[in-house]
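Residues per chain are reported as follows:
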Amino acid sequence: FRGVSNDNNNRNDDGKVVLVQPAKDQLDVINTLAFYSETLIHGTPSGIDNTVSCYGGALQYIKSKYGNTNSDKDTAQEKEEEGGTTFIENFPPLNVILTNTNVPRSTKILVQGVRDWREEYPAIADPILDSIGRIGRTFCKNVLQQVENQQQSQSTSTKTSLSVSQSKQISKLIQMNHSLLCALGVSHPSLNAITNLTSNLYNEFKCSTKLTGAGGGGCAFTFFEQCDNDDDNVGGSNSGLSVSVSMEERLKIVSHKIEALKSCEGTEGMKVNSNGSTIGEGGESSSLWSFQCFSSAVGGKGVLWL
């Protein structure tokens, strides 16, 4: 999309083109079109991916357990079950690596697979799905509430960095979340290889990984905790968490280690077909994994244009 003309009025003093954020009504149109595109890929998307990508920042989405989200609910549990989307104010910056496994997968097929499994084993599937939901709510209620309280005590409108203890909580939630997703059958050997690697590297680099999106390949999300020697750490020197390298160095080193993965960790010669299925050493028409890592910070500005 091109919102304004690429002329001298859209350049800074150095002559470089400046990207600007579209107006609210323009973002609404973009978000609507993006949602319709999502339905072609996903089938029944929540709308959270296109919304956060369009408007930026971070948001919490809870799927309603009721047919009408405008119904009048009295209890806290009923209001929570009512669902909806809430934008999270002053979301703290999170240092992450996104890894594209380049393993293709179908979101529709994966989602339908979970539905089928839930229909066959509801007594097993429902508690797992409920626990996954509680992980997200725990993050929003506990970690973000601590950040909000910290910000209020500092009397500043600037985004607050996570403390060491808050980072530790996020790592635990990420690790639990991935394990539960594995139980649902939506992980993949390529994703598990990354989570196993970062688990082995945790004591040295304080990083934790989970699959993101539909799973079955696609991308992995690796979060890095704040440590005592990070410049923007607010946890203080008494937290007991310290590593020998800076955040920037940790992101770079772990990225290189992930991209160097060539087979399932602990399985010599394991390779993956172009369709995502694995075969043993000596198989035909195979290709090694090709992981691509991208350093990022959660909570960006959303859509920008010329």
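Residues numbered from 1 in each chain as written. Predicted model: local features only at pLDDT ≥ 70, side-chain atom pairs only at ≥ 80, totals over all residues. Heavy atoms only, no water.

1. Topic: the pattern of salt bridges
Think of it this way: side chains of opposite charge can pair up when their charged atoms draw near. Using the following cut-off: Whenever a carboxyl oxygen of Asp or Glu lies within 4 Å of a side-chain nitrogen of Lys or Arg, that contact is scored as a salt bridge. Runs of H or I in DSSP of at least four residues are treated as helices and runs of E of at least two as strands, each being numbered from the N terminus.
Under the defined criterion, the tally for this structure stands at three salt bridges. Among the ionic pairs, aspartate 126 bridges to arginine 118, the shortest N-O distance being 2.6 Å. Residues aspartate 130 and arginine 134 are paired through a salt bridge, measuring 2.8 Å at the closest nitrogen-oxygen approach. Here aspartate 130 and its partner arginine 134 are both found in helix 5 (residues 122-154), four residues apart, which amounts to about one turn of the helix.

2. Some words on the sheet that holds strand 5 (residues 219-224)
Each strand in a sheet pairs with another by means of backbone hydrogen bonds, the pair being arranged parallel or else antiparallel. Quick reminder of the rule: Pairing between strands requires that DSSP locate at least two bridges from one strand to the other. Inter-axis angles, ranging from 0 to 180 degrees, are taken between N-to-C directions of lines fitted to C-alpha atoms, where helices are fitted over the stretch in contact. Here, two residues are considered to be in contact whenever any of their heavy atoms come within 4.5 Å of each other.
With antiparallel pairing, four strands are arranged side by side in an open sheet as 4-5-3-8. The outermost strands of the open sheet, each flanked by one partner alone, are strand 4 (207-212) and strand 8 (292-298). Shown here is a sheet whose adjacent strand axes are inclined to one another by a mean of 25°, direction ignored. Here strand 3 (residues 94-100) pairs with strand 5 via five bridges, running antiparallel. Each bridged residue has a counterpart across the sheet, and for leucine 98 the counterpart in strand 5 is phenylalanine 221. The strands touched by helix 6 (residues 164-183) are strand 3, strand 4 and strand 5; relative to strand 4, the strand with the most contacts, the crossing angle is about 40°. Contacts from helix 7 (residues 189-200) reach strand 3, strand 4 and strand 5, with the element oriented near 165° to strand 4.

3. A closer look at the confidence of the model for the chain
Definition in use: What pLDDT reports is the predictor's confidence in each residue, on a scale of 0 through 100.
In the predicted model, the chain carries a mean pLDDT of 77, and 72% of its residues have values of at least 70. With pLDDT under 50 throughout, residues 264-286 is counted as low confidence; its partners more than four residues away or in other chains account for 40 contacts.

4. Description of helix 4 (residues 107-120)
Formally: By definition here, a helix of n residues has an expected span of 1.5 Å times n minus one. We call a residue buried when its accessible area falls under 20% of the maximum for its residue type, exposed when it is over 50%, and partly exposed in between, using a 1.4 Å probe and counting protein chains only. Throughout, the arc means that of the directions going from the helix axis to the C-beta atoms.
Its 14 residues give helix 4 an end-to-end C-alpha distance of 20 Å, which sits within 8% of 20 Å, the value for a rise of 1.5 Å per residue. Here helix 4 has its buried residues at Thr107, Leu110 and Val114. Summarising the axial view, the buried residues of helix 4 lie within an arc of 75°, below the 170-degree limit, and thus occupy one face. Exposed side of helix 4, more than 90 degrees from the buried face: Ile109, Glu119 and Glu120 are the residues found there. The inward-facing, buried residues of helix 4 abut helix 1 (24-42).

5. Brief notes about the packing of aromatic side chains
Keep this limit in mind: Planes of paired rings set the category: under 30 degrees apart is stacked, over 60 is edge-to-face and the rest tilted, where pairs are Phe, Tyr or Trp rings (Trp by its six-membered ring) whose centres lie within 6.5 Å.
Applying the stated criterion across every chain, the model contains four aromatic pairs. Relative to phenylalanine 139, the ring of phenylalanine 91 has its centre 6.2 Å away and its plane inclined at 55°; by these criteria the two rings are tilted. Highlighted residues: phenylalanine 91 in the loop between strand 2 (84-87) and strand 3 and phenylalanine 139 in helix 5, separated in sequence by 48 residues. Classification of phenylalanine 91 by relative accessible area gives buried; the value is 6%. Seen from their ring centres, tryptophan 117 and tyrosine 121 are 6.3 Å apart, and the 50° between their planes marks the pair as tilted. Accessibility expressed as a relative area gives 23% for tryptophan 117, which makes it partly exposed.

6. Thoughts on the environment of glycine 185
Structurally, the position occupied by glycine 185 is in the loop between helix 6 and helix 7. Each C-alpha atom of the pair glycine 185 and leucine 110 lies 8.7 Å from the other, and the pair is 75 residues apart in sequence.

7. Here we look at a nonpolar patch on the surface
The cut-off we apply is this: Patches here are clusters of residues that have more than 30% relative accessible area and form no salt bridge, with a 9 Å joining cutoff for like charges and a 5 Å cutoff for nonpolar side chains (Val, Leu, Ile, Met, Phe, Trp, Tyr). Method for areas: the Shrake-Rupley scheme with a 1.4 Å probe, in which residue coverage is limited to the protein chains shown.
On the surface, a cluster of nonpolar side chains totalling about 310 Å² of accessible area is made up of Val29, Leu33 and Tyr36. With respect to the helices and strands, the residue tyrosine 36 is situated in helix 1. Look at tyrosine 36 and you get exposed, because its relative accessible area is 52%.

8. Some details on the nonpolar core
For soluble globular proteins, the rule of thumb is that nonpolar side chains tend to be buried together. We apply this condition: Side-chain atoms within 4.5 Å are what join buried Ala, Val, Leu, Ile, Met, Phe, Trp, Tyr and Cys residues into a set we call a nonpolar core.
Core analysis: the largest hydrophobic core is formed by 27 residues, its most contacted members being Phe224, Val254 and Ile258. Elements with a minimum of two residues in this core: helix 5, helix 7, strand 4, strand 5 and helix 9 (247-259). One finds Val96, Ile135, Val147 and Ile170 within the second-largest nonpolar core, a separate group that totals 17 residues.

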